[in-house]
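The primary structure of each chain is shown beneath.
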Amino acid sequence: MSPRESRYWDKMKADKTQVSRLLKTARGQIDGLLKMVEEDRYCIDVSNQILAVEALLRKANRTVLAAHLKGCVQEAMDSGEGGEKIDEFISVLEKMER
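Structural notes, computed from the coordinates.

Parameters at a glance
- Residues numbered from 1 in each chain as written.
- Predicted model: local features only at pLDDT ≥ 70, side-chain atom pairs only at ≥ 80, totals over all residues.
- Heavy atoms only, no water.
- Helix = DSSP H or I, 4+ residues; strand = E, 2+ residues; numbered from the N terminus.
- Expected span 1.5 Å × (residues − 1).
- Bend = angle between axes of the 7 residues up to and from the residue.
- Buried < 20%, exposed > 50% of the residue type's maximum accessible area, 1.4 Å probe, protein only.
- Contact = heavy atoms within 4.5 Å.
- Patch = residues over 30% accessible without salt bridge, like charges linked within 9 Å, V, L, I, M, F, W, Y side chains within 5 Å.
- Areas by Shrake-Rupley, 256 points an atom, 1.4 Å probe, with all protein chains shown as cover.
- Salt bridge = Lys/Arg side-chain N within 4 Å of Asp/Glu carboxyl O.
- Axes fitted to C-alpha atoms, helices over the stretch in contact; angles between N-to-C directions.
- Parallel < 35°, antiparallel > 145°, perpendicular 65-115°, else oblique.
- Left-handed = near helix turned anticlockwise from the far one by under 90°.
- Nonpolar A, V, L, I, M, F, W, Y, C, P; charged D, E, K, R; others polar.
- Core = buried A, V, L, I, M, F, W, Y, C linked by side-chain atoms within 4.5 Å.

### Examining helix H2 (residues 43–78)
Turn by turn, an α-helix covers 3.6 residues, leaving residues three or four places apart pointing in a common direction.
(1) Moving on: Between its first and last C-alpha, H2 extends 51 Å over 36 residues, near the 52 Å set by a 1.5 Å rise per residue.
(2) Moving on: Along H2, the largest kink reaches about 40° and is centred on His 68.
(3) Moving on: Every buried residue belonging to H2 is among Val 46, Val 53, Leu 56, Ala 60, Thr 63, Leu 65, Ala 67, His 68, Gly 71, Cys 72, Val 73 and Ala 76, and all of these are buried.
(4) Moving on: On its buried face, H2 is in contact with helix H1 (16–38) and helix H3 (82–97).

So this is what it looks like as structure tokens:
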């Protein structure tokens with residue numbers, strides 16, 4: 001299979017609208033954070049906003065990964081090619097633990 005070809009389960013299954021909304025909200029919060037830093041805002045306020053952005057990014061990632069399990073991994077398992085998808089998922093979990 002060429003790099004341009006893609007199996008059905010190689011496409012993102014998560015709700016693109018929901019994921020985009022979460023990421024755009026995080027981007028807006030990051031812009032606000034940069035302004036807070038430039039304005040020398042109180043450290044705890046900056047830290048709380050950083051935690052809020054991290055929470056949004058974690059939620060977006062959970063949404064993507066849940067859809068991946070329910071869609072991509074299941075479809076690959078059904079076609080007898082699930083081992084690779086399981087290994088990919090384990091690799092992502094390991095990165096999340098760092």
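### Some remarks on a nonpolar patch on the surface
(1) Moving on: There is a patch of nonpolar side chains on the surface, built from Met 77, Ile 86 and Ile 90 and spanning about 240 Å² of accessible area.
(2) Moving on: Examined against the element boundaries, Ile 90 turns out to sit in helix H3.

### Considering the packing of H2 against H3
(1) Moving on: Packing of H2 against H3 leaves a shortest axis separation of 8 Å and a crossing angle of 160°. By the angle between their axes, H2 is roughly antiparallel relative to H3. For the pair H2 and H3, the sense of crossing is left-handed. Residues Asn 61, Leu 65, His 68, Leu 69, Cys 72, Val 73, Ala 76 and Met 77 of H2 pack against Gly 82, Lys 85, Ile 86, Glu 88, Phe 89, Val 92 and Met 96 of H3.

### Observations regarding unusual backbone geometry
(1) Moving on: Phi at Asp 40 takes a positive value of approximately 55°, unusual for a residue other than glycine.
(2) Moving on: Residue classification places Asp 40 among the exposed residues on the basis of a relative accessible area of 70%.

### Here's the deal with the packing of H1 against H2
Each pair of packed helices gets described by two things: the angle between the helix axes and the distance between those axes.
(1) Moving on: Packing of H1 against H2 leaves a shortest axis separation of 9 Å and a crossing angle of 165°. Here H1 lies roughly antiparallel to H2, going by the angle between them. H2 is crossed by H1, and the crossing has left-handed handedness. Counted together, Gln 18, Val 19, Leu 22, Leu 23, Thr 25, Ala 26, Gln 29, Ile 30, Leu 33, Met 36 and Val 37 of H1 and Asp 45, Val 46, Gln 49, Ile 50, Ala 52, Val 53, Leu 56, Leu 57, Lys 59, Ala 60, Thr 63 and Val 64 of H2 form the full contact between these two elements.
(2) Moving on: The class makeup of the residues in the contact of H1 with H2 is 16 nonpolar, five polar and two charged.

### Things to note about the nonpolar core
(1) Moving on: Core analysis: the largest hydrophobic core is formed by eight residues, namely Leu 22, Ala 26, Leu 33, Met 36, Val 46, Val 53, Leu 56 and Ala 60.
(2) Moving on: Of all elements in the fold, only H1 and H2 reach the threshold of two or more residues within this core.
(3) Moving on: The residues contacting Ala 60, other than those within four sequence positions of it, are Leu 22 and Leu 23.

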